[in-house]
Amino acid sequence: MSGLEDSPIWPPGGGELARRVNAHDWAATSLGPVEGWSDRLKVMVEIVLASPDVSCLVCGSDRILIYNDAAARLYGGRHPAALGRPLPETFPEGWATVAPLYARAFAGEAVQVAAQPLDTRSVGEATDTFDATLLPVHDDAGAVIAVHMTGREVGARTRAETALRESEERLRALVTATSYAIYSMSPDWTEMRRLEWHGFLADTPVPSKSWLGEYIHLDDQPAVREEIERAIRTKSVFDLEHRVRRTDGTLGWTRSRAVPLLDTAGGVREWFGAASDITVRKQAEAVVRESEGRLRGFGDASSDVLWIRDVDSLQWEYLTPAFEAIYGLSREEALRGNNLNGWAALILPEDREHALACIRQVGRGHRTTFEYRIRRPTDGQVRWLRDTDFPMHDATGQVRWIGGVGHDVTALKEIEAALAKSEGRLRALVEGMPQLVWRSAARGEWTWASPQWIAFTGLSDEASRGRGWLRALHPDDRADAMAAWDRAGEGGAFEADFRLRHAADGTWRWFHTRGSPVLRAPDGTHVWEWLGTSTDVDDQVRARDALERAAEVLEARVAERTAELRAAEASLHQAQKMEAVGQLTGGIAHDFNNMLQGVTSSVDMARRRVDAGYTSEAGRYLEAAHAAVDRAAGLTRRLLAFARRQNLEPKPLDADALVADMADLIRRSIGPGITLDLQLRNGGGSVLCDPNELENVLLNLCINSRDAMPSGGRLVINTEDVELSAADVVGQGGAVPGGYVAMCVSDTGSGMPPDVLEHVFEPFFTTKPVGQGTGLGLSQVWGFVRQLAGFLQIESTLGQGTTVRLFLPRSDWAATTEKLAPTPMPEQVGPGDATVLLVDDEAGVRSSAAERLQELGFRVLEAADGMEALLLLAKGARPDLLITDVGLPSGMNGRQLAEAMQGQIPGLPVLFITGYAAADLPPEIEVIHKPFTLNELAQRVQVLLTAGRQGPGRNLGA
């Protein structure tokens, strides 16, 4: 049997729980009587009872609880009934939290938890926060028979950390700070564009392409590259833990996460990430892994330093591996020779005697806790330690050893120092600012005012609290200030402008005031405190007012000057119009006089032949008059084409076929002394244009070439398909890149000098002698081409000839090759079959048209204007068709007349007559342009009447 079983008093050591364990009826539990317990279980009970920290043993499947004096004080009203009872029954409120932890430990796993809230006290009492270690206890066969739990209450540290966090939140209201390394990367990660940190990683002042080697540990670079490739391939989050080279040159651990920022096309334009320092966590994980790998009992698994000293010599006999991490010295070195002196040498001189005195007290049977500083021999760092030493008794109850637990409290000390430093910085910052600083609760209930506020306003801190600060505001501004607090609500920023009375001289000055939330409730639903500043902006406000007054004066002067310029511009525009009218009169008067002379002479000769009884000879003179009219109409079309107001009828057209069909006409026009050479594509892409106008353009160009070759020469017409780029169409009046059909007319004539060439497209400009042209030829061509979204180029060399190229947009539609048939002679309809109302203020136009329609059997009603036509309607006339000129006298135009008549005769067909190309008519309205033949008029009338019998016409107002 072991010496433990021979001891008259077990467990040894004294203390309330030792006595209670000795006296407890263990036979009534699943553990059975103490005599049946294994030596290992008894040793663990002794360790629990001797521990200065909270410690307990949870045994067997019933989870029987054995704990020490420190735990008893923590358990409050649950003690002493908790001893020997199942843990789930003793702590039903907290069992759900810890049950998974104990399950892992009973499965053989060493478990550590940090800052774990536990309901260890009686119901209604406070909840404690622990760092706890749960270690399995094995029997000789390796089975887990119990779990040893040691815990350390860390509420003080947590409260210190909370105080520091609240202080830092106040500080962030004035100085932006972050606890993460913020970085950005190029889309392919080859360049780090920015890295900002405070103490962990060195900032990147300029973009770096060597960041991988500068920051990342060599062994971790392959993993980093692999994660980069995965993130780029999937456009997903980069997430990796790896080692980095820190600012001080040491290696640390970081967790780096980066998200891709996408452009509108879905490509990655940048990676934005944050890296956190997880060095402490990684070090803790390394310690845990090392402890688990070498687990030989409770001592080796603890994150604190555990030791055992001889009570007489105070020499260490045992040290746990944590010693090396905290003290920076190997256990072998620490246990060598007179290790008491070696330990003392590590302690800073000012703390050494105090630490040795505390150790000696334990030898006399006293438990003690004390703090001291050491300097680590490996790196020279100074660490704060808190030791708890306690006596350990032998089987006779005598103090034989000194047990101890050493806890590194450097982080807690640093937090306390940082808290004091942060509070000092905040106080110094606030007192050194020129602004008036204040703190407030919700709804403008001030809690503190800075010395600057007190000095400026004369209100004390106490007088300014609550809403007393409003007394310093101008009475007119107080309502606006409180309205700004209403807008801030429970969590927004406060911002307002108001005037404050300067206590020193009684003046009012403008201040801009801003407040930001700095302290929020734990649930984040509302703000507990705002920190704000009031900045003197009185000089800026006065300068702004003066600037606004100056701007008003300037605007008035600019408006006055603008009105003068607009009046001058209108006068200039009117003068330019009058000049254009003069050019028009001089340019086309001769052509129209010739045409009118042809009409007059032909009609006069026709009348003479009729009077003389030679009616058969009158026809050729009438034909000559008709030809003169056609020439006048052609001149009108040329004028409209230049003005871009001509109503064209575009259709898909084969330019090659059109040129070939005109070959004979062109040859007759240019005469036998000029050779015509056609170089055509044989039916390439078509163009969308009016065939009659394209014929007119081509004939016009050929005649110009003929006039330039009075002694004969060569005329070439060629066509080709071309593809033009954006550069090719620069400066061509809005022409777009794409496919075009180029039509080129070249001659070997006299050519033109540059000073003449630059004016050829101007209206009424001509190189011909006076009386031989109006100057509308090339300007007509220019207007036609621009109307088709094309453009024109001309090249000419004096004495060598001229080349004109027309670029017409190529059309994908199939070209039409059908010929336009001449207007057929309408057949007669039965007399009285239909009634036509003809309205035109020109009696000659009206009478001739009426006679032609009557010849065809229509009943025709005539009216000179709209009022006369409506009077016929009022007398009972019901026409089947209305033919009306658009421009009518007496205040009612043709469109208004048509709308009025369709209001009385719904669906009445209407045919408009007009000499204006840009008449204000709705789309798809039937219209015939002057001049027209009577056969054309008769044919359109028959078509409209036929359609009217098949269904109602279209109302203009519909």
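Note that this is a predicted model, so its numbers are computed, not measured.

### Comments concerning the overall build of the protein chain
Across its full length, the protein chain holds 30 helices and 32 strands. Evaluated residue by residue, the protein chain yields a buried proportion of 42% over its 958 residues. Of the contacts formed within the protein chain by residues at least 6 apart in sequence, a portion of 56% connects residues at least 24 apart.

### Side note on unusual backbone geometry
At the junction of His79 and Pro80, the peptide bond is cis and its omega measures out at 10 degrees in the coordinates. The residue Pro80 is located in the loop between helix 4 (69–75) and helix 5 (87–90) in this model. Residues Lys930 and Pro931 are joined by a peptide bond in cis, for which omega reads -5 degrees. Secondary-structure assignment places Pro931 in the loop between strand 32 (927–929) and helix 30 (934–950). Positive phi values are uncommon outside glycine, yet Arg63 reaches one of about 60 degrees. In this structure, Ser890 is a non-glycine residue whose phi angle is positive, near 70 degrees.

### Quick word on the pairing of strand 17 (residues 445–449)
Here strand 16 (residues 436–441) pairs with strand 17 via four bridges, running antiparallel. Opposite Ala441, over in strand 17, you have Glu445 as the bridge partner. In this antiparallel pair of consecutive strands, strand 16 and strand 17, the connection spans three residues, and Arg443 shows a positive phi of 60 degrees.

### Regarding a negative patch on the surface
A contiguous patch of negative charge, built from Asp545, Glu548, Glu552 and Glu555, is present on the exposed surface. Looking at the secondary structure, you find Asp545 in helix 20 (residues 538–611).

### A short note on a nonpolar patch on the surface
Where nonpolar side chains cluster on the molecular surface, the patch consists of Val237, Val259 and Phe272 and spans about 200 Å² of accessible area. In this structure, Val259 sits in strand 9 (residues 251–262). Exposure remark for Val259: the relative accessible area of 35% places this residue in the partly exposed category.

### Some words on the pattern of salt bridges
According to the stated counting rule, one finds 49 salt bridges in the structure shown. Notably, a salt bridge pairs Arg281 with Glu285, separated by 3.0 Å at the nearest N-O pair. With Arg281 and Glu285 both in helix 10 (residues 279–293) and four residues apart, the pair spans about one turn of that helix. The exposure class of Arg281 is partly exposed, given its relative accessible area of 36%.

### Topic: the side chain of Glu270
Mapped onto the elements, Glu270 comes out in strand 10 (residues 268–277). A distance of 3.5 Å separates polar atoms of two side chains, one belonging to Glu270 and the other to Ser184. Dropping the residues within four chain positions of it, Glu270 is found in contact with Ser184, Met185, Pro187, Arg193, Val259, Pro260 and Leu261.

### Notes on the sheet that holds strand 8 (residues 238–245)
Spatially, 7-6-10-9-8 is the arrangement adopted by the five strands of the open sheet, whose pairing is antiparallel. Here the strands that pair on one side only, and so sit at the sheet edges, are strand 7 (192–196) and strand 8. Looking at each pair of strands side by side, their axes are set apart by 25 degrees on average, direction ignored. For strand 9 and strand 10, the ladder comprises nine bridges, and the chain directions are antiparallel. Residue pairing for strand 10: Val259 is matched across the bridge by Phe272. Packed onto the sheet, helix 9 (residues 221–234) meets strand 8 and strand 10 and runs at close to 155 degrees relative to strand 8.

### Quick notes on the packing of aromatic side chains
If you walk through the whole model with that rule in mind, you get 25 aromatic pairs. Arranged with centres 5.9 Å apart and planes meeting at 90 degrees, the rings of Trp10 and Trp37 form a pair that is edge-to-face. On the criterion of sequence distance, the pair formed by Trp10 in the loop between helix 1 (3–6) and helix 2 (16–23) and Trp37 in the loop between helix 2 and helix 3 (39–50) is long-range, its members being 27 residues apart. Judged by centre distance (4.9 Å) and plane angle (65 degrees), the ring pair of Tyr75 and Phe91 falls under edge-to-face. In this pair, Tyr75 is assigned in helix 4 and Phe91 in the loop between helix 5 and helix 6 (92–106), connecting sequence segments 16 residues apart. Of the two residues, Tyr75 and Phe91, neither departs from the other in class, the shared state being buried. The side chain of Arg63 reaches across the aromatic face of Phe106, ending 3.8 Å from its centre.

### Topic: the sheet that holds strand 28 (residues 835–839)
If you trace the five strands from one edge of the open sheet to the other, you get 29-28-30-31-32, paired in parallel fashion. The open sheet has two free edges, formed respectively by strand 29 (859–863) and strand 32, since each of these has just one partner strand. Adjacent strand axes in the sheet meet at a mean angle of 20 degrees, parallel and antiparallel pairs treated alike. As judged from the five bridges shared by strand 28 and strand 29, these two strands associate in the parallel manner.

### Brief notes about the packing of helix 14 (residues 339–346) against helix 15 (residues 349–363)
Contact geometry of helix 14 with helix 15 gives a least axis separation of 9 Å together with a crossing angle of 140 degrees. Here helix 14 is positioned oblique relative to helix 15, judged by the angle of their axes. Seen along the crossing, helix 14 lies across helix 15 with a hand that is right-handed. Across from Leu340, Trp343, Ala344 and Ala345 in helix 14, the residues of helix 15 making contact are Arg352, Ala355, Leu356 and Ile359. Within the contact of helix 14 with helix 15, the residues separate by chemical class into seven nonpolar, no polar and one charged.

### Description of helix 19 (residues 478–488)
Residues of helix 19 that are buried: Ala481, Met482, Ala484, Trp485 and Ala488. One side of helix 19 carries all its buried residues, which in axial view fall inside an arc of 145 degrees. Residues of helix 19 that are exposed and point over 90 degrees away from its buried face: Ala479, Asp486 and Arg487. Buried positions along helix 19 lie against strand 16, strand 18 (494–501) and strand 20 (527–536). One or two steps after helix 19, the chain reaches Gly489, where phi turns positive at roughly 65 degrees.

### So, the confidence of the model for the protein chain
For the protein chain, the mean per-residue pLDDT works out to 82, and 82% of the residues sit at or above 70. Of the regions scoring below 50 in pLDDT, residues 641–646 engages in 20 contacts with residues more than four places distant in sequence or in other chains.

### Some remarks on helix 24 (residues 691–708)
Its 18 residues place the ends of helix 24 26 Å apart at the C-alpha level, agreeing with the 26 Å of an ideal helix rising 1.5 Å per residue. Two or three places before Glu693, at the opening of helix 24, Asp690 has a side-chain oxygen 3.1 Å from that residue's backbone nitrogen.

### Structural notes on the nonpolar core
Counting 44 residues, the largest nonpolar core has Leu57, Leu65, Ile66, Tyr67, Tyr102 and Leu134 as the members making the most contacts within it. For Leu57, the contacting residues outside a window of four places in its chain are Leu41, Met44, Val45, Val48, Ile64, Leu65, Ile66, Val137, Ala146, Val147 and His148.

### A closer look at the environment of Lys651
If you trace the backbone, Lys651 turns up in strand 21 (residues 651–653). With 40 residues separating them in the primary sequence, Lys651 and Pro691 have C-alpha atoms 7.7 Å apart.

### A short note on the packing of helix 28 (residues 866–874) against helix 29 (residues 894–904)
Running from amino to carboxyl end, helix 28 crosses helix 29 at an angle of 10 degrees, the nearest separation of the two axes being 10 Å. For the element pair helix 28 / helix 29, the angle class is roughly parallel. Here Gly866, Ala869, Leu870 and Leu873 of helix 28 come into contact with helix 29, specifically with Leu897, Ala900, Met901 and Gln904. Partitioned by chemical class, the residues of the contact of helix 28 with helix 29 number six nonpolar, two polar and no charged.

### Structural notes on the environment of Ala114
Position of Ala114 among the secondary structure elements: in strand 3 (residues 111–118). Relative accessible area serves as the criterion here: at 58%, Ala114 is assigned to the exposed category. For the pair Ala114 and Thr133, spaced 19 residues apart in sequence, the C-alpha to C-alpha distance is 8.9 Å. Setting aside residues no more than four positions away along its own chain, Ala114 makes contact with Phe130 and Asp131.

Cut-off values and rules
- Residues numbered from 1 in each chain as written.
- Predicted model: local features only at pLDDT ≥ 70, side-chain atom pairs only at ≥ 80, totals over all residues.
- Heavy atoms only, no water.
- Helix = DSSP H or I, 4+ residues; strand = E, 2+ residues; numbered from the N terminus.
- Buried < 20%, exposed > 50% of the residue type's maximum accessible area, 1.4 Å probe, protein only.
- Contact = heavy atoms within 4.5 Å.
- Pairing = 2+ DSSP bridges.
- Patch = residues over 30% accessible without salt bridge, like charges linked within 9 Å, V, L, I, M, F, W, Y side chains within 5 Å.
- Areas by Shrake-Rupley, 256 points an atom, 1.4 Å probe, with all protein chains shown as cover.
- Salt bridge = Lys/Arg side-chain N within 4 Å of Asp/Glu carboxyl O.
- Lys, Arg positive; Asp, Glu negative; His and termini not counted.
- Charge placed at Lys NZ, Arg CZ, Asp CG, Glu CD.
- Polar contact = N/O pair within 3.5 Å; in protein donor to acceptor, adjacent residues only side chain to side chain.
- Axes fitted to C-alpha atoms, helices over the stretch in contact; angles between N-to-C directions.
- Phe/Tyr/Trp six-rings, centres within 6.5 Å; stacked < 30°, edge-to-face > 60°.
- Lys NZ or Arg CZ within 6 Å of the ring centre and 35° of its normal.
- Parallel < 35°, antiparallel > 145°, perpendicular 65-115°, else oblique.
- Left-handed = near helix turned anticlockwise from the far one by under 90°.
- Nonpolar A, V, L, I, M, F, W, Y, C, P; charged D, E, K, R; others polar.
- Arc of directions from axis to C-beta.
- pLDDT = per-residue confidence, 0-100.
- Expected span 1.5 Å × (residues − 1).
- Core = buried A, V, L, I, M, F, W, Y, C linked by side-chain atoms within 4.5 Å.

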